[in-house]
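What the coordinates show
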Amino acid sequence: MTGLAPLAPYRRITIKIGSALLVDADTGRLRTDWLDSMADDLAALQRDGVSLVVVSSGAIALGRRLLNLNALALSLEQSQAAASAGQIALSQAWATALGRHDIVTGQILLTPNITEERRYFLNARTTIATLLGLGAIPIINENDSVATAEIRYGDNDRLSARVATMVEADCLVLLSDVDGLYTAPPGRAPDAQHLPYVPAITPEIEAMAGGAASHLSRGGMTTKIEAGKIATQAGTAMIIAKGNDLHPLRRLAEGEAHTLFAAADSRAQARKRWIMGTLELAGAFHVDAGAARALLNGKSLLPIGLTRATGDFIRGDAVAIIDPEGREIARGLAGLGREQADMVKGKKSDRVAELLGVGTRSELVHRDNMVVLLGQEAKV
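Everything in this summary refers to the structure shown in the same document. A quick note: this is a predicted structure, and the numbers were derived from the prediction, not measured.

Secondary structure assignment for the protein yields 14 helices and 15 strands. Counting only residues that meet the buried cut, the protein has 48% of its 380 residues in that class. Total accessible area computed for the protein in this model is approximately 17200 Å², and 51% of it derives from carbon and sulfur atoms.

Laid out in structure tokens, this is it:
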């Protein structure tokens, strides 16, 4: 499957798979043939050097049958129980399907606080990045076994968009039972036209989907457009494609209809805007001249270059980095809290491990979580 045309530009892809694709609606059983074909497609992409993250629905649908629950009327407690039982079956199914290609899977269950609170966000992001670096494919789902209506993403479209931005995916692919966006809902407007490309999500585009999504809506095109807003504004392109048939990614490569939503701008620009514009600074790292030069050359900030820390911050908070002349030369996300930073100030990395414990990340700000600023006066 070398040279997947719509996916060829992207080297890290998040793929969201809906329950209806994985689980037969009539029997409640796993569509094993479909899953095996998807595993074939994923393996082909990975052989082409693409890093893959899968957001997979299906746990509740599988758990309903396993626990002999009424599929049409589940209480919250029954849904949580179904998710608990079904998640095991779902994970085993993915492990088996991808194991045929000697691909290891890692299961990650998320709740909204993990993608919204920076310290949890960074931990989850690091775990996923480590799995990808080891050649594994993370299989991600919402932790429905403990989530309540008040603390849910509400649908896996928006969850997948949060995951895609968290892992800095180049593209998010939403596979479901629709082949993209139309100028109006096709079921209500027979003359609706399919849109193969959307340069930006505007109010007009939202209207085509049926109106802007609310935090209470679940499924349908509105939540897909909401997911697209999350993804594209963070620099991730999005594709909506039909996935019902076998080998959905291969079929996408062979020209099956889909809609591509363009990323708002480059990932570097989007990330810079996000760090610079949406995070309130909680403190500052003041550094020596050597550390300042290293940062301007693309290095991470290490404790040895820290002269003092100011502010009350914890790991994951936004901090300014100040050079000896008092200029803010960079801004980023703290890898250590204020108390730990004071402990390791001016220390070499091996000494940091002694003070904080082996395995503790030694960077005060990792270069992946940093924006270097040139010519700006310090604001902290």
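With the rule as written, the count across this model stands at 14 salt bridges. The salt bridge partner of Glu-206 is Lys-229, with a shortest N-O separation of 2.7 Å. Remark: Lys-229 occurs in helix H9 (residues 220-233) and Glu-206 occurs in helix H8 (residues 203-208); sequence separation between them is 23 residues. In this structure, the salt-bridge partner of Arg-331 is Glu-328, at a minimum N-O distance of 2.8 Å. Taking the relative accessible area as the measure of exposure, Arg-331 reaches 5% and is therefore buried. Classification of Glu-328 by relative accessible area gives buried; the value is 0%. Salt bridges linked by common partners bring Lys-16, Asp-157 and Lys-224 together as one network.

Here the focus is helix H3 (residues 59-66). Among the residues of H3, Ala-59, Leu-62 and Gly-63 are the ones counted as buried. When H3 is viewed along its axis, its buried side chains cluster within an angular range of 100 degrees and face the same direction. Just past H3, the residue Asn-68 takes up positive phi, approximately 55 degrees.

A sheet is described by the order of its strands in space; here 8 strands give the open sequence E3-E4-E2-E1-E5-E9-E10-E8, paired in mixed fashion. Strands at the two margins of the open sheet, each flanked by one partner only, are strand E3 (105-110) and strand E8 (197-198). The sheet contact formed by strand E5 (residues 171-176) and strand E9 (residues 237-242) spans 6 bridges and is parallel. Residue pairing in the sheet places Val-173 in a bridge with Ile-239 of E9. Helix H2 (residues 32-47) rests against strand E1 (12-17), strand E2 (51-56), strand E4 (137-142) and E5 of the sheet, and its axis sits at about 155 degrees to E2.

So, on to the nonpolar core. By size, the foremost hydrophobic cluster in this structure holds 37 residues, and its most contacted members are Leu-110, Ile-128, Ile-140, Val-163 and Leu-181. Elements represented by at least two residues in this core include exactly E2, E3, helix H6 (118-133), helix H7 (156-166), E5, H9 and E9. Among the elements that take part in this core, H6 stands out by supplying 6 residues, more than any other. The next biggest cluster of nonpolar side chains, apart from the first, holds 36 residues, and it includes Tyr-10, Leu-42, Val-50 and Ile-137.

Here we come to the pairing of E3. On E3, burial follows the alternation: Gly-106, Ile-108 and Leu-110 on one face are buried, whereas Thr-105, Gln-107 and Leu-109 on the facing-out side are not. For E3 and E4, the ladder comprises 6 bridges, and the chain directions are parallel. Bridged to Thr-105 within E4 is Ile-137.

Turning to the pairing of strand E11 (residues 281-287), a few remarks are in order. Among the 7 residues that make up E11, 5 are buried, leaving the element largely enclosed by the rest of the structure. As paired elements, E11 and strand E12 (residues 306-311) share 5 bridges and run antiparallel to each other. Residue pairing for E12: His-286 is matched across the bridge by Arg-308.

On to the packing of aromatic side chains. In total, this model carries 1 aromatic pair according to the counting rule given. Their ring planes at 85 degrees and their centres at 5.3 Å tell us that Phe-285 and Phe-313 sit as a pair that is edge-to-face. Residue Phe-285 is located in strand E11, and its partner Phe-313 is located in the loop between E12 and strand E13 (318-322); the two are separated by 28 residues in the primary sequence. Here Phe-285 and Phe-313 have matching classes, each one buried.

Analysis parameters
- Residues numbered from 1 in each chain as written.
- Predicted model: local features only at pLDDT ≥ 70, side-chain atom pairs only at ≥ 80, totals over all residues.
- Heavy atoms only, no water.
- Helix = DSSP H or I, 4+ residues; strand = E, 2+ residues; numbered from the N terminus.
- Buried < 20%, exposed > 50% of the residue type's maximum accessible area, 1.4 Å probe, protein only.
- Areas by Shrake-Rupley, 256 points an atom, 1.4 Å probe, with all protein chains shown as cover.
- Salt bridge = Lys/Arg side-chain N within 4 Å of Asp/Glu carboxyl O.
- Arc of directions from axis to C-beta.
- Pairing = 2+ DSSP bridges.
- Contact = heavy atoms within 4.5 Å.
- Axes fitted to C-alpha atoms, helices over the stretch in contact; angles between N-to-C directions.
- Core = buried A, V, L, I, M, F, W, Y, C linked by side-chain atoms within 4.5 Å.
- Phe/Tyr/Trp six-rings, centres within 6.5 Å; stacked < 30°, edge-to-face > 60°.

Read these as geometric descriptors, not functional statements.
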